[in-house]
Amino acid sequence: MSEPRIVVIDNHGQFTHLEGRALRDAGVDTEILDNDTPPGDIDADGLVLSGGPSMDRIGRTEEYLDLDVPVLGICLGLQAIAELLGGTVESGDYGGYADVDVTITDDDDPLVGSLAPGTRTWASHADEVKAVPDGFHVTADSDVCGVEAMSDPDRDLYGVQWHPEVSHTERGQEVFENFVEICR
Amino acid sequence: MVDADAFIEEATAEISDEVGDANAVIALSGGVDSSVAAALAYRALGDRLTPVYVDTGLMRKGETDAIRETFSFMDSLRVVEAQDRFLDALSGVTDPEEKRNVIGEGFIREFEREAKEADADYLVQGTIYPDRIESEGNIKSHHNVGGLPDVVDFEGIVEPVRDLYKDEVREVARALDLEEVVSERMPFPGPGLAVRVVGEVTREKVEVARAACHVVEEETEEHDPWQAFAAVLGKATGVKGDNRVHGWVVSVRSVESRDGMTARAQELPWKTLQRIQSRITGENENVARVVYDVTHKPPATIEYE
């Protein structure tokens with residue numbers, strides 16, 4: 001089976017290049033593209049939407065959701081999917097920084113189910129998803145954030161609030177490997 | 001992970017290709033990144049490379065001597081004694097970015113002179129991937145990224161380790177037999193101890209930071225931190241020998257990391273922390289108190305400014 005090609009969309013996140021590195025380490029063909037790249041120019045079997053500083057800087061992310069390939073949103077990438085598809089994103093009561101223990105709430109989820117019952121993650125966010133869009137369900141939560149991950153397996157749209165690409169997240173590489181499987 | 005041996009061959013060929021028969025200079029900081037870039041460029045160019053090391057007065061204890069020793073195999077090495085010029089220029093400057101600018105500009109002046117003397121057409125820099133990201137993201141400026149090319153009209157800039165992460169640079173350093181640079185030297189910021197002195201940089205505060213950093217490096221060695229250092233924060237009250245002291249507050253930081261992008265504050269034993277505290281307050285009469293920084297990155301950065 002040929003390896004999928006997975007493109008990272010850069011939403012100006014600090015860790016974007018680590019997402020590229022994680023995919024490279026997973027053995028797939030990957031490239032990091034600016035988030036103003038015309039959707040027609042993107043040749044990919046899957047997309048990773050990176051984190052970033054602000055919802056005002058997500059570029060053409062809305063159009064990328066119509067490319068009909070699996071999408072994994074990370075941090076702001078997850079929040080962008082939620083907001084663009086009719087969910088709600090608001091400031092959290094308690095920012096998530098560094099260590100966050102996440103509980104997996106759907107063991108069968110193709111993206112994070114394999115991490116059940118829970119996993120130690122590394123996070124950096126002030127905002128969070130308060131309500132997931134239609135078609136999505138919550139697949140992980142934590143003491144500091146009600147939506148640590150969400151999925152819509154029918155449309156192959158996924159998101160995690162934490163940063164699976166940083167070395168302090170335990171089993172972060174597994175999330176990328178699961179996503180590679182989804183893109184096959 | 002990078003294949004170090006293959007990388008060394010490719011990088012050497014790339015440098016030879018770009019520089020051709022011309023001369024090049026590189027600024028050596030003593031850190032792993034510029035050491036590796038210099039060793040690669042020396043491999044490609046021999047003595048047509050002039051490595052320049054500027055002692056800004058903001059270096060770690062023993063650093064300048066260590067540089068002379070490690071790079072003694074390069075006949076073209078130049079060590080510039082510029083301590084007073086830097087410390088005088090920093091007098092009265094308190095804003096972190098302004099401090100970086102003053103150091104960056106001073107550095108450019110020193111380097112411009114040396115580059116002209118060496119008749120260099122090319123500049124080699126040890127910029128690594130996270131430097132570029134942090135500069136692009138405006139989190140902080142890295143003085144090895146900008147500045148100099150605006151002043152000196154180089155024909156080209158060569159950045160042989162631009163796509164590598166710190167852990168990968170270390171792999172390459174080992175393959176280049178720069179083992180002592182990797183094992184003895186933790187990451188050290190470009191502006192040196194200036195960013196380990198919060199607020200104005202004075203000779204007194206720099207001395208405290210230098211002495212305290214040395215203690216922390218020695219005492220944490222067996223716990224193998226990715227980076228460990230001390231910073232001078234401000235003043236607070238203490239009592240020493242029945243006398244009230246209004247002395248410096250020194251913060252100790254020791255972190256675990258793979259690539260510097262995220263970091264965990266290390267869980268050091270109480271005994272180790274107490275030894276550090278005792279040595280820093282005991283060896284420096286103007287230090288009133290020592291604190292341990294327990295903050296991870298994020299939300300904090302590793303360095304203080």
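What you see is a predicted model, and the numbers here were worked out from it, not measured in a lab.

Enquirer: Please explain the overall build of chain B as it appears in this structure.
Expert: Helix and strand counts for chain B stand at 11 helices and nine strands. A compact globule built from 305 residues would reach a C-alpha radius of gyration of about 19 Å, and chain B, at 20 Å, matches this within 12%. Principal-axis analysis of the C-alpha atoms gives chain B an extent of 70 × 40 × 35 Å. Residues counted as buried form 44% of the 305 residues belonging to chain B. Taking contacts inside chain B between residues at least 6 apart in sequence as the whole, the part at least 24 apart equals 75%.

Enquirer: I tried to follow the overall build of chain A on my own but got confused; where do I start?
Expert: Assigned secondary structure in chain A consists of four helices and nine strands. The N-to-C order of helical and strand elements in chain A reads β-α-β-β-α-β-α-β-β-β-β-β-α. Overall size of chain A, expressed as C-alpha extent along the three principal axes, is 40 × 35 × 30 Å. Restricting the contact set of chain A to residue pairs at least 6 apart, pairs at least 24 apart contribute 68%.

Enquirer: How should the environment of glutamate 90 of chain A be read in this particular structure?
Expert: Residues and elements named next belong to chain A. Mapped onto the elements of the fold, glutamate 90 is located in strand β5 (residues 88–104). Separated by 40 residues in the primary sequence, glutamate 90 and lysine 130 have C-alpha atoms spaced 6.5 Å apart. Not counting chain neighbours up to four residues away, the residues in contact with glutamate 90 comprise Asp127 and Lys130.

Enquirer: Whenever I open this one, the nonpolar core confuses me. Can you help?
Expert: Soluble globular proteins tend to pack their nonpolar side chains together in the buried interior. One finds Ala24, Ile26, Val36, Ala41, Ala209, Ala230 and Val250 of chain B to be the most contacted residues of the largest nonpolar core, which totals 77 residues. Considering every element that reaches this core, the biggest residue donor is helix α2 (residues 32–45) of chain B, with 10 residues. Both of domain 1 (4–184) and domain 2 (202–292) of chain B provide at least three residues apiece to this core. Of all hydrophobic cores here, the second largest spans 53 residues; its members include Ile9, Phe15, Ala44 and Ala82 of chain A.

Enquirer: I tried to follow the domain arrangement of chain B on my own but got confused; where do I start?
Expert: In many analyses, interface size is given as the accessible surface area lost on bringing the parts together. All names here are of chain B. According to the domain assignment, chain B consists of domain 1 (4–184) and domain 2 (202–292). The C-alpha centroid of domain 2 is placed 28 Å from the C-alpha centroid of domain 1. Counting from both sides, the interface comprises nine residues of domain 1 and, opposite them, nine residues of domain 2. Here the side of domain 1 that touches domain 2 is composed, by residue class, of four nonpolar, one polar and four charged.

Enquirer: Would you take a moment to explain α2 of chain B for this structure?
Expert: The α-helix winds at 3.6 residues per turn, so residues separated by three or four positions along the chain end up facing the same way. Residues and elements named next belong to chain B. The end-to-end C-alpha separation of α2 is 20 Å, in line with the 20 Å expected for 14 residues at 1.5 Å each. Among the 14 residues in α2, 13 count as buried, and that is most of the element. One or two positions beyond α2, positive phi appears at glycine 46, with a value near 60°.

Enquirer: Help me understand unusual backbone geometry, please; the structure alone is not making it clear to me.
Expert: The phi torsion of most residues other than glycine is negative, and most of the peptide bonds are trans. Cis geometry marks the peptide bond from lysine 297 of chain B to proline 298 of chain B; its omega dihedral reads -15°. If you trace the backbone, proline 298 of chain B turns up in the segment after β9 (287–292). Omega for the bond connecting proline 298 of chain B with proline 299 of chain B falls within 30 degrees of zero, at 10°, which places this linkage in the cis form. Backbone geometry at arginine 171 of chain A places phi at a positive 55°, although glycine is not the residue there. With 14 C-beta atoms packed within 10 Å, arginine 171 of chain A lands in the partly exposed category.

Enquirer: Help me understand the UniProt feature "domain: Glutamine amidotransferase" (unreviewed entry) in chain A, please; the structure alone is not making it clear to me.
Expert: Summarizing the sequence annotation, UniProt attributes the feature "domain: Glutamine amidotransferase" (unreviewed entry) to residues 7–180 of chain A in the numbering used throughout. Here residues 7–180 of chain A runs as 18% helix and 36% strand, with 11 Å between its end C-alpha atoms.

Enquirer: What is the right way to read the sheet that holds strand β4 (residues 71–74) of chain A from this model?
Expert: Backbone hydrogen bonds hold the strands of a sheet together, and the pairing may be parallel or antiparallel. All names here are of chain A. If you trace the nine strands from one edge of the open sheet to the other, you get β2-β1-β3-β4-β9-β8-β7-β5-β6, paired in mixed fashion. Where the open sheet ends on each side, the last strands, each with one partner, are β2 (29–34) and β6 (118–131). Looking at each pair of strands side by side, their axes are set apart by 20° on average, direction ignored. Of the pairings in the sheet, the one linking β4 to strand β9 (residues 157–160) comprises four bridges and is parallel in character. Of the residues in β9, the one forming a bridge with leucine 72 is tyrosine 158.

Enquirer: I'm lost on the interface of chain A and chain B in this one. Help?
Expert: The partner chain B presents 11 residues to the 13 residues of chain A that form the contact. Taken together, the elements giving at least two residues each to the side of chain A that touches chain B come down to α1 (16–25), β5 and β6 of chain A. In terms of residues, the side of chain A that touches chain B owes the most to one element, β5 of chain A, which gives three residues. Looking at the side of chain A that touches chain B residue by residue, the classes come out as six nonpolar, six polar and one charged.

Rules of the game
- Residues numbered from 1 in each chain as written.
- Chains lettered and ligands numbered in written order.
- Predicted model: local features only at pLDDT ≥ 70, side-chain atom pairs only at ≥ 80, totals over all residues.
- Helix = DSSP H or I, 4+ residues; strand = E, 2+ residues; numbered from the N terminus.
- Rg over C-alpha atoms; globule rule 2.2 N^0.38 Å.
- Buried ≥ 20, exposed ≤ 12 C-beta atoms within 10 Å, placed from the backbone.
- Contact = placed C-beta atoms within 7 Å.
- Core = buried A, V, L, I, M, F, W, Y, C linked by C-beta atoms within 7 Å.
- Domains from an automatic or database assignment.
- Nonpolar A, V, L, I, M, F, W, Y, C, P; charged D, E, K, R; others polar.
- Expected span 1.5 Å × (residues − 1).
- UniProt positions renumbered as here; feature names shortened; annotations may be inferred.
- Pairing = 2+ DSSP bridges.
- Axes fitted to C-alpha atoms, helices over the stretch in contact; angles between N-to-C directions.

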